Amino acid sequence: MEESTAESTAANADTLKVELKKLLIEILSNGGGEIEEEIEDRGESDGSSGVLKAIDEAIRLLNLLREVESKKPESDIPSSSSSQSPKVEVPKEFKCILSNAIMIDPVTIASGNTYEKSYITELLKHAPKCPKTNEVLSHSLCTPNHLLDELITKWCTDNGYDRPKPPHEVVTELSRDGIESLLKRISSPSSDEDQNEAAKEIRCQTNKFPSVRNRFVALHPGAITTLIRPLSNFITKPELRENIITALFNISIVMENKEAIAQTDNVVGELRFSLSCGTMESRRNSASTFLSLLAIDSNKEIIGSKLMLIGLGSLIGEGETVTSLVAGSVVYQLCQDLKYREMATSAGVVPALMGKIEAGSYAAEFLIVLALLTTYERGVKEMEKRPEFIKHLFSILRKRSCLMSCENAVLIVINMWNLGRVAIVNEEENKHATFAMLRKEESSVSLATNADMQIWFYSGS
């Protein structure tokens, strides 16, 4: 019964819309000349002006339509605040669960989930928890999700969807001449403030517009050199350094730019320096740029050095979680090449990793990097300087609360055994039967079947 009533209401609304539309077209196109005849047919030939009567009739129909529309279910009434076609449905992945609307400025928080910036920043002021998982966050940093932003932009373009602009942040894409003008203001500024404003605008342009990132290196031969020139001054103001380094990171996202950036004079040196200098965002984005450039394998020879690894070790130890993870990822990528592993163990990376693992946040990810570095004698010796860490490592194996943490802890213990730390491993086995238990739980720890582990299960253990 309710369904038939709803259908009848919808039909009445459609009929009234047709009549109203026809009447309005006639009023506007004929000035009322033909209206009089139609109104007379309706029995309203009282000598009054036909146009006025037509307008009255239009008002009557409009009032009826409003009355009918008010009886329709809310879901059937298109929102007047949106010009979108009802046939275009925004994918749920593009909507923020807080606003239930398409994301304008998507940012990722420490839990790895993405939200609309204005909503999540306000929420985190009052409750440092992830709205989706309810986990307590290790920090309240929000990182722009460039990839999702570009996917949303492309979807909106392909589907003719008018994506709203961030409030008070309407940015217009600059032409080639506009970008070159900003570079001139950076290289020959009228003031420190003007230089920083130009760098800030380049940062914004390379963040918001893929086309600006794509063409930046090809803009003119010295574009990257001009951009980083102010960094050669060791007393560069922190905000200026942050804007330039972040712009460089944005540009490095484009695959075609990676090799050119790495080969530009002074870029690698300035990035190494910025790992330890400036704001934490400058330091994080320096590491992020290195990580981006390492997507080209040949860049390892240009980038890799002990000075860089020292900076990354400091950043792992001093940074908040996201920054430490980025720095750790750079070490991991670089140390896929054997010659950098021993270099990293002498650069202070191992103690920094142990500190993060003991802190417990993202321990599994840091254990992956440590597993690479403990293939060398010095890496294991660094661990032996902190006996409490080795105890913590064994406790991870006993608790087995995280599969990935446990598997990488196993790899580290294998490395210890292979480098002659048999007594330490045997002591743990005799005291807690840790490895015998792992062997029985092959479904829990896939590495328990590794041939290297068989040495632990000696007779009498």
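Residues numbered from 1 in each chain as written. Predicted model: local features only at pLDDT ≥ 70, side-chain atom pairs only at ≥ 80, totals over all residues. Heavy atoms only, no water.

### A short note on the overall build of the chain
Across its full length, the chain holds 24 helices and 3 strands. A sequence separation of at least 24 residues applies to 65% of the contacts in the chain between residues at least 6 apart. Of the roughly 24000 Å² of accessible surface on the chain, 52% is carried by carbon and sulfur atoms. (Helix = DSSP H or I, 4+ residues; strand = E, 2+ residues; numbered from the N terminus. Contact = heavy atoms within 4.5 Å. Areas by Shrake-Rupley, 256 points an atom, 1.4 Å probe, with all protein chains shown as cover.)

### Things to note about unusual backbone geometry
The phi dihedral of asparagine 134 is positive, around 65°, even though this residue is not glycine. Tracing the backbone through its elements, the reader meets asparagine 134 in the loop between helix 4 (117-126) and strand 3 (143-144). A positive phi angle is found at alanine 433, which is not glycine, with a value near 50°.

### Points about the side chain of asparagine 415
Within the fold, asparagine 415 resides in helix 22 (residues 403-418). If sequence neighbours within four positions are ignored, asparagine 415 has contacts with Ala371, Thr374 and Thr375.

### Some points on the pattern of salt bridges
Under the definition given, this model contains 20 salt bridges. Here glutamate 318 ties to arginine 283 by a salt bridge, and the two come within 3.0 Å at their closest N and O atoms. Of this pair, glutamate 318 sits in helix 15 (residues 306-318) while arginine 283 sits in helix 13 (residues 280-293), placing them 35 residues apart in sequence. Salt-bridge contacts for lysine 385 lead to glutamate 382; the nearest nitrogen and oxygen are separated by 3.3 Å. (Salt bridge = Lys/Arg side-chain N within 4 Å of Asp/Glu carboxyl O.)

### A closer look at the sheet that holds strand 3
Strand order in the open sheet made by the 3 strands is 2-1-3, with antiparallel pairing throughout. The sheet is open, and its two edges are formed by strand 2 (114-116) and strand 3, each paired on a single side. The pairing of strand 1 (residues 106-108) with strand 3 spans 2 bridges and is antiparallel. Bridging from a neighbouring strand, valine 107 pairs with proline 144 of strand 3. Lying over the sheet, helix 4 contacts strand 1 and strand 2, oriented at roughly 100° with respect to strand 2. (Pairing = 2+ DSSP bridges. Axes fitted to C-alpha atoms, helices over the stretch in contact; angles between N-to-C directions.)

### Structural notes on the packing of helix 21 (residues 387-399) against helix 22
Running from N to C, helix 21 and helix 22 point in directions that differ by 130°, and their axes come no closer than 9 Å. Classified by the angle their axes make, helix 21 and helix 22 are oblique. The handedness of the crossing between helix 21 and helix 22 is left-handed. Across the interface between the two elements, Ile390, Leu393, Phe394, Ile396 and Leu397 from helix 21 touch Ser405, Cys406, Ala409, Val410, Ile412, Val413 and Met416 from helix 22. (Parallel < 35°, antiparallel > 145°, perpendicular 65-115°, else oblique. Left-handed = near helix turned anticlockwise from the far one by under 90°.)

### Quick word on helix 11 (residues 255-263)
Regarding helix 11, the residues found buried are Asn257, Lys258, Ile261 and Ala262. Viewed along the axis of helix 11, the buried residues span an arc of 125°, placing them on a single side of the element. Of the exposed residues in helix 11, the ones pointing more than 90 degrees away from its buried face are Glu256 and Gln263. Considering only its buried residues, helix 11 is in contact with helix 8 (210-216), helix 9 (223-228), helix 10 (238-252), helix 12 (267-274), helix 13 and helix 14 (299-303). (Buried < 20%, exposed > 50% of the residue type's maximum accessible area, 1.4 Å probe, protein only. Arc of directions from axis to C-beta.)

### Digging into the packing of aromatic side chains
Evaluated as defined, the whole model comprises 3 aromatic pairs. The interplanar angle of 50° and the centroid separation of 5.5 Å between the aromatic rings of tryptophan 155 and tyrosine 161 together place this pair among those described as tilted. Neither residue differs from the other here; tryptophan 155 and tyrosine 161 are each classed as buried. Pairing phenylalanine 394 with phenylalanine 435 gives two aromatic rings, centres 6.3 Å apart and planes at 75°, and the pair type is edge-to-face. With phenylalanine 394 in helix 21 and phenylalanine 435 in helix 24 (residues 434-440), this pair connects stretches of sequence that are 41 residues apart. Pair check on accessibility: phenylalanine 394 and phenylalanine 435 agree, each one buried. Here the aromatic cluster, defined as three or more aromatic residues joined through ring pairs, consists of Phe94, Trp155 and Tyr161. (Phe/Tyr/Trp six-rings, centres within 6.5 Å; stacked < 30°, edge-to-face > 60°.)

### Structural notes on the nonpolar core
One finds Phe216, Leu227, Leu312, Met383 and Leu397 to be the most contacted residues of the largest nonpolar core, which totals 81 residues. Formed by 19 residues, the second largest nonpolar core is a distinct cluster that contains Val90, Leu124, Leu137 and Cys142. (Core = buried A, V, L, I, M, F, W, Y, C linked by side-chain atoms within 4.5 Å.)

### As for the confidence of the model for the chain
Put simply, the chain has an average pLDDT of 81, and 77% of its residues get 70 or more. Predicted confidence for residues 29-48 stays below pLDDT 50, and this span has 23 contacts to residues more than four positions away or in other chains. When the criterion is pLDDT under 50, residues 74-86 qualifies, and its contacts beyond four places in sequence or with other chains add up to 5 contacts. (pLDDT = per-residue confidence, 0-100.)

### Some words on helix 7 (residues 192-208)
The end-to-end C-alpha distance of helix 7, which contains 17 residues, comes to 24 Å, matching closely the 24 Å that a straight helix rising 1.5 Å per residue would cover. Within helix 7, the full set of buried residues consists of Asp194, Gln195, Asn196, Ala198, Ala199, Ile202, Arg203, Cys204, Gln205 and Thr206. The secondary structure elements touched by the buried residues of helix 7 are helix 6 (176-187), helix 8, helix 9, helix 10 and helix 13. (Expected span 1.5 Å × (residues − 1).)

### Things to note about a nonpolar patch on the surface
Nonpolar side chains collect at one region of the surface, where Ile97, Leu98, Tyr119 and Leu123 lie side by side and expose about 350 Å² of accessible area between them. Mapped onto the secondary structure, isoleucine 97 falls in the loop between helix 3 (50-70) and strand 1. (Patch = residues over 30% accessible without salt bridge, like charges linked within 9 Å, V, L, I, M, F, W, Y side chains within 5 Å.)

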